[in-house]
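Inside the fold
So you can see what is in the structure, the chains are spelled out below.
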Amino acid sequence: MSSSPPSPSPNDPTSETKTSPTVTKKNHNKYRKPKPWDNDTIDHWKQEAWKPEYMNGSLLEESSFATLFPKYRETYLRQTWPLITRSLDSHKISCTLDLLEGSMSVSTTRGTVDPYIILKARDLIKLLARSIPAEQALKVLNDDLQCDVIKIGGLVRNKERFVKRRQRLVGPDGATLKALELLTNCYILVQGNTVAVMGGYKGLKEARNVIVECFKNVHPVYNIKRLMIKRELAKDSKLANVNWERFLPSFTKKNVQTKKPRKVTDKKVYTPFPNAQAKSKVDMQLDSGEYFVNEREREAVKRREKISNAAKNAGERRKVNEKVYEKGFKEVEEVGVGEVERE
């Protein structure tokens, strides 16, 4: 009887045992100390209002921003500048309107308490330069409103195509733009080569996405439809932590090309020999014998050919004119006979 081989002992170093490799996970937070704001009860997205007691003293340096405005905005800005000045004075921001250079500038003062208000003032003059009404532009000084000026001039090279896509964004009677404003809770104004948007951070991001894709030849109606579905899904609390991609429509770009009729060309018979060389002017004169004739006789031959060609052309023109005259005479005779019959 054949005995089975002995099983290798676990202590035997020569025995080969298959062990699964252990994967060690890196601890990236090994040296990170706990912070006071590492608390689930704190809402990190909440925007707290600025209070004067947060600032112990005045600002050490003066900050200023300036922007140019087009010529057609000069009259409106001159009329509304007292309102803008009063609004900025309440935040201790000084502003100047330079009509000679066509510029607006804002700067901090010794009494400025909020260090971020100068950036809000910068956005204000930027919106005023882009034809936004002063009453609407002054709302950007609030903490819950932000702005974004989207440059669309360089997205499309062709001028006609750019105008068509800009009109597509506005829609018939501004319907598409109004729908986008309602879905993103933003104020949107299309002016020249820029689009000015005012709203919250989430609305600004959605509006920018729709506007940029519109100039990449994606119709805004498709993105508006996605926003409408997202708005309905947000109302359901059960879908708060669920991926919404399966609910959203995916629009694929279809580039349907019209088939052109194929041109069937007759295949030429292949010949290893090149085509015969075309005869030069001297060769043609040698063949006709004109090369050995005097220059005077050659000119006389050319003159006779010219006269004969002119006579031939004159005869053809005379025949054409005679046909026209005959046709005219017949029409006149018919008209005259008709008038005699009426009399």
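Everything numeric in this text was worked out from a predicted model, so none of it was measured.

1. Observations regarding the pairing of strand β3 (residues 103-108)
Burial runs high along β3: five of the six residues are buried. Pairing of strand β2 (residues 93-98) with β3, which is carried by six bridges, proceeds in the antiparallel orientation. Paired with Ser94 across the two strands is Ser107, which belongs to β3. Two successive antiparallel strands, β2 and β3, enclose a turn made up of four residues, where Gly102 displays a positive phi of approximately 70°.

2. So, helix α7 (residues 220-234)
The first and last C-alpha atoms of α7 sit 21 Å apart over 15 residues, in line with the 21 Å expected at 1.5 Å per residue. Burial in α7 covers these residues: Pro220, Asn223, Ile224, Leu227 and Leu233. The secondary structure elements touched by the buried residues of α7 are α4 (159-170), α5 (175-184) and α6 (201-214).

3. Overview of the confidence of the model for the protein
Looking at the protein, pLDDT values average 84 and 87% of them are 70 or higher. Within the protein, helix α9 (residues 295-342) has the poorest average pLDDT of any element, 76, and β3 the best, 96. When the criterion is pLDDT under 50, residues 337-343 qualifies, and its contacts beyond four places in sequence or with other chains add up to zero contacts.

4. Points about the side chain of Thr112
Position of Thr112 among the secondary structure elements: in the loop between β3 and α2 (117-129). Judged by relative accessible area, which is 2%, Thr112 ranks as buried. One polar contact links the side chain of Thr112 to the main-chain carbonyl oxygen of Lys92, over a distance of 2.7 Å. Beyond its immediate stretch of four places on either side in the chain, Thr112 contacts Leu59, His91, Lys92, Ile93 and Ile117.

5. Here's the deal with the sheet that holds strand β1 (residues 64-68)
Pairing within the open sheet is antiparallel, and its three strands lie in the order β1-β3-β2. The open sheet has two edge strands, β1 and β2, and neither has a second partner. Ignoring which end each strand starts from, the neighbouring axes of this sheet average 15° apart. Where helix α1 (residues 74-89) meets the sheet, it contacts β2 and β3, and its direction lies at approximately 165° from that of β2.

6. A word on the nonpolar core
Core analysis: the largest hydrophobic core is formed by 28 residues, its most contacted members being Leu88, Met104, Val106, Leu124, Leu127 and Leu128. Those elements giving two or more residues to this core turn out to be α1, β2, β3, α2, α3 (134-137) and β6 (194-199). If you look at the next biggest cluster of nonpolar residues, it comprises 22 residues, including Phe162, Leu169, Val197 and Leu204.

7. A word on α4
Taking 1.5 Å of rise per residue, the twelve residues of α4 would be expected to cover 16 Å, and the 17 Å separating its terminal C-alpha atoms lies within 8% of that figure. For α4, every residue scored as buried is listed here: Phe162, Arg165 and Leu169. All buried residues of α4 fall inside an arc of 70° around its axis, so they share one side. Opposite the packed face of α4, turned more than 90 degrees from it, sit the exposed residues Glu160 and Lys164. For α4, the elements touching its buried residues are α5, β5 (187-191), β6, α6 and α7. Where α4 begins, the side chain of Asn158 points an oxygen toward the backbone nitrogen of Glu160, at a separation of 3.2 Å. Of the residues flanking the end of α4, it is Gly171, one or two places downstream, whose phi is positive at about 85°.

8. So, the side chain of Ser103
Assignment of secondary structure puts Ser103 in strand β3. In this structure, Ser103 is in contact with Thr67, Leu68, Phe69, Thr96, Leu97 and Asp98, ignoring residues within four places of it in sequence.

9. Section: unusual backbone geometry
The phi dihedral of Lys92 falls on the positive side, at around 60°, and the residue is not glycine. Assignment of secondary structure puts Lys92 in the loop between α1 and β2.

10. Section: the sheet that holds β6
Strand pairs in the sheet, formed through backbone hydrogen bonds, run parallel or antiparallel to each other. If you walk across this open sheet you meet the three strands as β4-β6-β5, and the pairing is antiparallel. In this open sheet, the two edge strands, each paired with only one partner strand, are β4 (146-151) and β5. The sheet shows a mean angle of 15° between the axes of neighbouring strands, direction not considered. Pairing of β5 with β6 involves five bridges; the strand directions are antiparallel. Each residue of the ladder has a partner; that of Leu189, found in β6, is Ala196. Those strands touched by α2 are β4 and β6, and its axis lies near 45° from that of β4.

Analysis parameters
- Residues numbered from 1 in each chain as written.
- Predicted model: local features only at pLDDT ≥ 70, side-chain atom pairs only at ≥ 80, totals over all residues.
- Heavy atoms only, no water.
- Buried < 20%, exposed > 50% of the residue type's maximum accessible area, 1.4 Å probe, protein only.
- Helix = DSSP H or I, 4+ residues; strand = E, 2+ residues; numbered from the N terminus.
- Pairing = 2+ DSSP bridges.
- Expected span 1.5 Å × (residues − 1).
- Contact = heavy atoms within 4.5 Å.
- pLDDT = per-residue confidence, 0-100.
- Polar contact = N/O pair within 3.5 Å; in protein donor to acceptor, adjacent residues only side chain to side chain.
- Axes fitted to C-alpha atoms, helices over the stretch in contact; angles between N-to-C directions.
- Core = buried A, V, L, I, M, F, W, Y, C linked by side-chain atoms within 4.5 Å.
- Arc of directions from axis to C-beta.

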